[in-house]
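Coordinate inspection notes
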Amino acid sequence: MQVHDSFDRRIDYVRIAVTDRCNLRCFYCMPEEGIAYEPKSHLLSYEEITRLLKVLGNLGFSKVRFTGGEPFLRKDFIQLLENTANLQLFKNIHITTNGTLIKNQIPKMKSLGISKINLSLDTLDAERFKKITRRSDFEKVMKTFHQLVEEGFQVKVNAVVMQGVNVMDILPLAQLAADYPVSIRYIEEMPFNGGYKENQKICTAKDIQQTLQSAYPSLQPMVGKHGDTATEYQVEGFKGTLGIIPAFSRTFCNTCNRLRITAKGEIKTCLYDSGVFSIRDFIRSGVTDDQLTEKIIALIKLKPKDGFAAEEGSKLRITRSESMSSIGG
Ligand code: SAM
Ligand code: SF4
């Protein structure tokens, strides 16, 4: 079975924020004082998430990404990974993490066959790391990076590039891809930090591409895969690759293949909509799997053409005061 939206895009990838809580305070994501966290009873339970995944898997979804907040902050997160692996419906089970809490979970993840990790790291400078995340965990994250690479995980490093903050990290981060078989993905900053300022100056995908091109004249775009948001580049002699994600310019929407579920169980059919339906309340109203399946198909049909249409069609002001920590990135 396959599901397509009304623009004939096949939707087969779900991103689930398992918590809105986080142990870091990256300023582009959360205000310093944190956000008003949802009471635990408002979060989808692991049983509810597993049930949803079963329904989605039967609809042809083949990829799930667990994110947050910090997913490893949620108690027994590894149990959810195990439940998901046991479904045997998802070819790709991915995780996005800040890398501060996963050290002891690496062997278990390996045994479950989970090998693809996106690690968020915006700088290779400990002081800048502290300024950006408002915490002093740089060494811990670097250790995680090395451990994951040594253990053979496929690592993508997510770096949000911000004007006046860490553009000087673009090339040092690229050096990681020269030395290790990893992908460094530069992300345009998006207006979700719990306190977005209008007219904020954005370091664009084009700015990033120009910086990389000047430093590495052999920079070559690679052929993309279904649903890619990053334009991936290779550089002669590099073990890894470099990717640029135009998250703010939104030039990838025509190939979008994803659905998002926020920490409190809201379905977002686009990152830029403000949540279209509470799947949590629907599940808790006692529906059957068939009703759940029908509802998800109907919601997918509502997916907007692109992020600009989603923004226009939704309550933009509310969206922009949301934190990425509850949306999941
Ligand atoms: N805590 C985990 C982490 O940091 O990897 C997972 C959740 S975090 C919200 C998921 C991704 O969203 C991270 O890679 C983070 O850098 C990115 N992100 C958060 N706020 C962002 C923003 N305003 N613009 C662009 N990316 C953002
Ligand atoms: Fe936490 Fe990730 Fe947001 Fe940073 S980006 S505050 S690590 S949820």
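First, a word on scope: everything that follows refers to the structure included in this document. Within each chain, residues carry numbers counting from 1 in the order of the written sequence. Note on labels: chains are lettered from A, ligands numbered from 1, in written order. The predicted origin of the model limits local features to residues at a pLDDT of at least 70 and limits the giving and counting of side-chain atom pairs to 80 or more, whereas totals for whole chains, interfaces and linings rest on all residues. With hydrogens and water excluded, all non-hydrogen atoms of the structure serve as input to the side-chain values.

Comments concerning the overall build of the protein chain
Each helix is a run of DSSP H or I of at least 4 residues and each strand a run of E of at least 2, with the numbering of both proceeding from the N terminus. For the protein chain, the helix and strand inventory stands at twelve helices and twelve strands. As a reference, a globule follows 2.2 Å times the number of residues to the power 0.38, and the radius of gyration itself is taken over C-alpha atoms. Its C-alpha atoms give the protein chain a radius of gyration of 19 Å, within 12% of the compact-globule value 20 Å for 329 residues. Taking the principal axes of its C-alpha atoms as reference, the protein chain extends roughly 55 × 45 × 40 Å. Looking at the protein chain residue by residue over its 329 residues, the buried ones come to 55%. Contacts are assigned to residue pairs with any non-hydrogen atoms lying within 4.5 Å of each other. For the protein chain, long-range pairs separated by at least 24 residues make up 73% of all intrachain contacts whose partners lie at least 6 apart in sequence. Within the structure as shown, the protein chain displays about 14600 Å² of accessible surface, and the carbon and sulfur contribution to it stands at 50%. When the 45 positive and 38 negative side-chain charges of the protein chain are each reduced to one mean point, those points stand 1 Å apart. Three exposure classes are used, based on accessible area relative to the maximum for each residue type with a 1.4 Å probe and protein chains only: buried under 20%, partly exposed in between, and exposed over 50%. Accessibility throughout is a Shrake-Rupley quantity obtained with a 1.4 Å probe, and a residue counts as covered only by protein chains that appear here. When charges are counted, neither His nor the chain ends are considered; positive counts come from Lys and Arg and negative counts from Asp and Glu. A charged residue contributes its charge at one atom only: NZ of Lys, CZ of Arg, CG of Asp or CD of Glu.

Looking at the sheet that holds strand β9 (residues 241-245)
DSSP-based pairing: two strands are paired if at least 2 bridges between them are found. Spatial strand order, β7-β8-β9-β6-β5-β4-β3-β2-β1-β10-β11-β12: twelve strands in an open sheet with mixed pairing. Edge positions in the sheet fall to β7 (220-221) and β12 (277-278), since each has one partner strand and no second. What counts as an axis is a line fitted to C-alpha atoms, over the stretch in contact for a helix, and the angles between N-to-C directions run from 0 to 180 degrees. Where helix α7 (residues 205-215) meets the sheet, it contacts β5 (154-161), β6 (183-188), β8 (231-234) and β9, and its direction lies at approximately 160 degrees from that of β9.

Quick look at helix α9 (residues 289-301)
For a helix, the expected span equals 1.5 Å multiplied by the number of residues minus one. The end-to-end C-alpha distance of α9 is 19 Å, a good match for the 18 Å that 13 residues give at a rise of 1.5 Å each. Taken as a whole, α9 has its buried residues at Leu292, Ile296, Leu299 and Ile300. End-on view of α9: buried residues confined to an arc of 100 degrees, all on one side of the axis. In α9, the exposed positions angled more than 90 degrees off the buried face are occupied by Asp290 and Glu294. Turning to α9, the residues buried within the fold contact α1 (46-58), β10 (258-261), β11 (266-268), β12 and α8 (279-284). Directions pointing from the helix axis toward each C-beta atom define the arc.

Details of the site of ligand 2
Near is defined per residue: the residue qualifies when any heavy atom it owns lies within 4 Å of the molecule or strand. Taken together, Cys22, Leu24, Cys26, Cys29, Gly69 and Asn98 form the complete shell of residues around ligand 2. Residue polarity is assigned by list, with Asp, Glu, Lys and Arg as charged and Ala, Val, Leu, Ile, Met, Phe, Trp, Tyr, Cys and Pro as nonpolar; anything else, Gly included, falls into the polar class. Of the residues contributing to the shell around ligand 2, the split by class is four nonpolar, two polar and no charged.

Structural notes on the packing of aromatic side chains
Two rings from Phe, Tyr or Trp (for Trp, the six-membered ring) form a pair when their centres are within 6.5 Å of each other. A pair whose planes differ by under 30 degrees is stacked, one over 60 is edge-to-face, and the rest are tilted. Scanning the entire structure with this criterion turns up seven aromatic pairs. An angle of 65 degrees between the planes, with centres 6.0 Å apart, marks the rings of phenylalanine 27 and tyrosine 28 as edge-to-face. The class of phenylalanine 27 is partly exposed, set by a relative accessible area of 26%. Summarising the aromatic geometry, the rings of phenylalanine 72 and phenylalanine 77 are spaced 4.9 Å apart at their centres and angled 85 degrees between planes, so their arrangement reads as edge-to-face. Across the pair, exposure class does not vary: phenylalanine 72 and phenylalanine 77 are buried alike.

Points about the pattern of salt bridges
Where charged atoms of side chains with opposite charge meet at close range, the side chains can pair. The working definition used for a salt bridge is a side-chain nitrogen of Lys or Arg within 4 Å of a carboxyl oxygen of Asp or Glu. Tallying each qualifying case throughout the model produces twelve salt bridges. A salt bridge links arginine 128 to aspartate 169; the nearest nitrogen and oxygen atoms lie 2.8 Å apart. Residue arginine 128 is located in helix α4 (residues 126-133), and its partner aspartate 169 is located in the loop between β5 and α6 (170-179); the two are separated by 41 residues in the primary sequence. In this structure arginine 128 comes out as partly exposed when scored by relative accessible area, which is 22%. For arginine 250, the salt bridge is made with glutamate 311, and the minimal N-O distance between the two is 3.3 Å. Taken together, the residues arginine 250 in the loop between β9 and β10 and glutamate 311 in helix α10 (residues 307-313) connect sequence positions 61 residues apart. Residue classification places glutamate 311 among the buried residues on the basis of a relative accessible area of 12%.

Section: the side chain of aspartate 169
Taking the relative accessible area as the measure of exposure, aspartate 169 reaches 2% and is therefore buried. When neighbours within four sequence positions are excluded, aspartate 169 is seen to be in contact with Asp122, Thr123, Leu124, Asp125 and Arg128.

Here we look at the pairing of β8
Taken together, the two bridges between β7 and β8 define a ladder with antiparallel strand orientation. Residue pairing for β8: proline 221 is matched across the bridge by tyrosine 233. When β8 meets β9, the two strands line up antiparallel, connected through three bridges. In the sheet register, tyrosine 233 faces β9, and the bridge partner there is leucine 242.

Observations regarding the packing of α6 against α7
Direction vectors running N to C along α6 and α7 enclose 65 degrees, while the axes themselves pass 11 Å from each other. For the pair α6 and α7, the crossing hand works out as right-handed. Of the residues in α7, those in contact with Ile170, Leu171 and Ala174 of α6 are Ile208, Thr211, Leu212 and Ala215. In the contact of α6 with α7, the residues fall into six nonpolar, one polar and no charged. Take the far helix as your reference; a near helix turned counterclockwise from it by less than a right angle gives a left-handed crossing, and one turned clockwise gives a right-handed crossing.

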